[in-house]
Every structure is written in structure tokens, then in C-alpha cells.
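Architecture and fold: a report
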Amino acid sequence: MIRLFQRLRPPGVRIQLMLWYTIVFALLILFSDIVLYTQLRSTLIASLNTALQLRSQQIASGISNDGASITIRDVTGDLSGSDTIAPDMPDASIDVDFGSLVRILNSKGQMLRISPAFRTLIVPPTSVMQSLHGSDWQGNVMTRDGQEVRLYSVPLTENGTPFAVIQVGESLTQVNTALRSLFLELLLIAPFILLLGAVGSYWLGIHAFAPMNRLIQTAQRIKAGDLHQRVPVPRAYDEVRALALTLNEMIEHLDQTFTRQRRFVADASHELRTPVTAIRSMTELAQLKTLTVEEYEHTFDTINKEAERLGHLISDLLALARADERRVMLEQEAIRLDTLVEAVVANAEGLALERGVSLQVHASEPITICGDEARLIQAVINVLDNALLYTDAGGQVTVRVEATSTHALLTISDTGIGIAPEHLPHIFERFYRADPARVRKEGNSSGLGLAIVEWTIHAHKGTIAVESQLGLGSTFIVSLPRVSMLSQ
């Protein structure tokens, strides 16, 4: 049996909502029925108590006490047929539903008058004793044949002293019949109300989930590969609208990611094909004819440069792939940024001298940051090489290391050819060419340098920005969180 239940599929959301609504409706109906039944019973009993109190007052108006004896006059007709003799066995033919229930006792508890129907009641002594002590008493008593009667007992007093007790009663048959009828009606109506509530809640669930169905249909079309589709956004400001907007944002992000991936794969294929084609051309040429020693040396030198370029490209692609998968673990150590930059600039002076570019560095104060020294060196080298690459002979590249109270600022400026405004937002994209007419000046440039720089800076919780004007040069500004020496 347990395995059978485990194999059963859980109900859908609409069925679950219908069941929950039905349970809530059932509890509400049960609560309202209990309140209605209790309130009606209290009202009927209170009305009956009032009627008994009024009848006792009417009977009391015909009773007088002259000190020696009690005179009883039947002013209401309720005492008709009453006497003072209680037979051993009451008449079983008397019906308490129609006969009057009245008994009058004196201050000693002796019976003065009693109606025939009252003889069938089983009256507790407490009702008499409490009245003889000057307090009213009311409650339910039973007849000898099991019928329920409401009894009211009130004392008659003179100068604060009870001299008689009047007990009047009324059958509860009509009250109980009315309550029983109400209970049966509520019991019969409740299932229909629950059924209507279940059907209505299921219908509401279908209409409420109609926007969700449209979302599902659109998502299925998107699943087929059409990332340009967007899920419909409902007009109502509810959770479904928030879900639709979230899905659209996610799809937009996926569309952009896949577009970048496709462009990246195409660019990577193109970049990889170029050195491979060059190497194959050289080797095929060497196989086709006999070359001189100088020609062989030139061929091997070209193959070596293309292989070196291919190696740099593969290394950069591997680094970005690991970064995308968040598999790169950065070292966290205190680094003197000013010392690091000065060392990188010193190594680049030979390249700057070869290109006829003036290279200057300004790092006047010690600045400490926390990060991966090897990654930061690579980032600074890539930005500096980019500045030297696009600065003509006679130009100038300036590197500055400054600090604010919370951040270290690295600024690399050049007087090169600059970047057009429409290209600035894209220069950190992989394999992006700001100007297709530009020729690669270095054989080992992979076209991924600035993309790696951006990832490295962001991985160190920093920012990188670029300012540029055509013909005037470019400025790269790197900001990294600074570490106080006191916290070391």
C-alpha cells in the first residue's frame, strides 16, 4: 500500500488549489454553522426564559399573603385543574407539550397548587431550595418519559422574606425540533456549497493560470531555438507579471550570451586558422622544392613566429574559458602596486625604445593592494602593450600610480591614434577590432588582451574605464581597492 501511494503522481497546482479552497470552505462552513446553531439556540432559550418569567409574574399577581394564609386566584387560567394532592403515579396520558406546567409551594416547601402536567416532571430539590433562599432558578429538567422541559422557579417575598415559590415550565420539544431541523438543513446544504466551491475554485484556477499557460507556450517556442521570442507580460501588476519580466530578462541575457559565444567561436576559428594556414603553407613550400640554407632559416623562423602566436592565442583562450567557468583561483596577497608597475614599465622600455616611443612612469608613494600578482602583472602588460602598439614613433606613453583614501588608481595614457566613440563600448569584447584596417604589428598579439584585462580587474573587485579621442590618444583608468598597511 505504501509503495502504491509512493507511485502516485502528486496532483497539479489547480487540483491542489481546489483541494485547499475546499478545505478552507469546509472549515468556514463548519464555523459559521456552529455559530448559527449556537446563536439560534441561545436566542430561543432566552425567548423561552422571558416567556416563563412573564408567566410567573402574571401568576404571582393573583397570589396574596395575609400572614396566616396564602390566597391563590387563577388570573391566567394556568391553574385550571390543579390541586394540592399528588397521586402516587402521575397520569401517563398527560402531554407536557400542551398542558400547563405550574407548581406553587409555601415557605416550608409544601405544595399549595400543582397542575396535572407538572406531576410528570422530575424536579431537582435545588430549584426549590435556591428559590426559598431568595434567588431565581432556571434550568432544564426531564419528564418521566424522557422529554426535556425548561423550568423557571421564582420566590414571592414580603418584606424581603420568601413566603411562596412559583415554578413554571415549558416543553422544549418545539425548540429541539426547530434546532434539529436547522441541523439537518445545514447538513444537507453543506455538501452542495462545498461542491460549488470546488468547481468554482477549479474554474478560477484555470483562468488564473491562463497567463502561465501562455508563458509556457512561449517558453516552449524559445526552447526550440528562437531566442528572439519574449514571453507576454500581463497588464496586472502581480506575481505573474514579475515572473514574465524576469523570464524576459533571463532570455535577453541568454540571447546576448549565445550571440557573444557564436561571435567568439567564429572569431576564434578565424584567428586560429590564420597561423595554421601560414604554417601549412611554409611546410608545403619546403616540401615542394629544395631551398637554400637562408631560405630554410627564413621558413623556420616564420613557422616559429606563427607557432608562438598560435600558442599565445591558445593560452589566452584557455584562460578566458576557465574564467567563464569560474575555475580560476586568484591568490590573495599584499602587493605594492607602485613597485609592480615600475617593474613592468622597466621591462617594456626596450620595446618602447625600439618603436621610438617615449615611456614615462610616475609612482611617488607606496600603494598596497590585495590580489594575484601574476594576474595583475599580465593585465598591466596587456594595457601597456596596447598603448605602445597604437602609438606612432615620436609619441609618448605615460603611466601614473596614484591613490585615494580607499582605492589605488592606475592611469595609462598614450598619444596614439585614439578610438572612435562608437567603438569605445566594445573594445573589451573578445576579438573586437575597433578598426579593421589596422594591421597587427606584433606576431604574438591574440586580440584577447583587453578582454583578459577586464576580467582580471573585475575579479579583483576593481573597475576599468577608457577615454579616447581620434588622433589625440587614449587613457585607460584602472581602480582597485586599497589595503591599509596597518591591517597587514
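A short tour of the structure in this document, coming up. Nothing here was measured: the structure is a model prediction, and the numbers come from that model.

1. Some details on the sheet that holds strand S13 (residues 407-414)
- Reading across the sheet, the five strands line up as S10-S12-S13-S15-S14 and stay open at both edges, with mixed pairing between neighbours. Only two strands of the sheet have a single neighbouring strand rather than two, namely strand S10 (358-363) and strand S14 (463-469). Pairs of neighbouring strands in the sheet enclose a mean axial angle of 10°, with direction left out of account.
- Bridge analysis of S14 against strand S15 (residues 473-481) gives seven bridges, and the strand direction is antiparallel. The residue bridging Ser-468 from the neighbouring strand is Ser-474, located in S15.
- Contacts from helix H9 (residues 373-389) reach S10, strand S12 (396-403), S13 and S15 within the one sheet, and its direction differs from that of S13 by about 25°.

2. Examining unusual backbone geometry
- Positive phi values are uncommon outside glycine, yet Asn-159 reaches one of about 55°.
- Counting through the fold element by element, Asn-159 comes out in the loop between strand S7 (148-158) and strand S8 (161-171).
- Within the chain, Lys-461 stands out as a residue other than glycine whose phi angle is a positive 60°.
- Position of Lys-461 among the secondary structure elements: in the loop between helix H10 (449-459) and S14.
- Exposure remark for Lys-461: the relative accessible area of 73% places this residue in the exposed category.

3. Quick word on the sheet that holds strand S5 (residues 121-122)
- Read across the sheet, six strands follow the order S4-S3-S8-S7-S6-S5 without closing on themselves; strand pairing throughout is antiparallel. With one partner strand each, in any of the chains shown, strand S4 (111-114) and S5 form the two edges of the open sheet.
- With three bridges joining them, strand S3 (residues 101-106) and S4 adopt antiparallel strand pairing. Residue Leu-105 lies in a different strand from S4, and its bridge partner there is Met-111.
- Where helix H3 (residues 125-132) meets the sheet, it contacts S3, strand S6 (137-143), S7 and S8, and its direction lies at approximately 140° from that of S8.

4. Some points on the packing of aromatic side chains
- Applying the stated criterion across every chain yields a total of two aromatic pairs.
- Seen in terms of ring centroids, Phe-428 and Phe-476 are 6.4 Å apart; in terms of plane orientation they differ by 85°. Their pairing is edge-to-face. Of the two residues, Phe-428 sits in the loop between S13 and H10 while Phe-476 sits in strand S15, which places them 48 residues apart along the sequence. For the pair shown, Phe-428 and Phe-476 are each scored as buried.

5. A closer look at the pattern of salt bridges
- Inspection of the entire model under this criterion finds two salt bridges.
- Between Arg-55 and Glu-170 there is a salt bridge whose closest N-O contact spans 2.6 Å. Taken as a pair, Arg-55 in helix H2 (residues 13-60) and Glu-170 in strand S8 lie far apart in primary sequence, 115 residues in all.
- The salt bridge involving Arg-336 is made with Asp-338; its shortest N-O contact spans 2.7 Å.
- Here Asp-338 falls in the buried class, since its relative accessible area comes to 4%.

How each quantity is defined
- Residues numbered from 1 in each chain as written.
- Predicted model: local features only at pLDDT ≥ 70, side-chain atom pairs only at ≥ 80, totals over all residues.
- Heavy atoms only, no water.
- Pairing = 2+ DSSP bridges.
- Helix = DSSP H or I, 4+ residues; strand = E, 2+ residues; numbered from the N terminus.
- Axes fitted to C-alpha atoms, helices over the stretch in contact; angles between N-to-C directions.
- Contact = heavy atoms within 4.5 Å.
- Buried < 20%, exposed > 50% of the residue type's maximum accessible area, 1.4 Å probe, protein only.
- Phe/Tyr/Trp six-rings, centres within 6.5 Å; stacked < 30°, edge-to-face > 60°.
- Salt bridge = Lys/Arg side-chain N within 4 Å of Asp/Glu carboxyl O.

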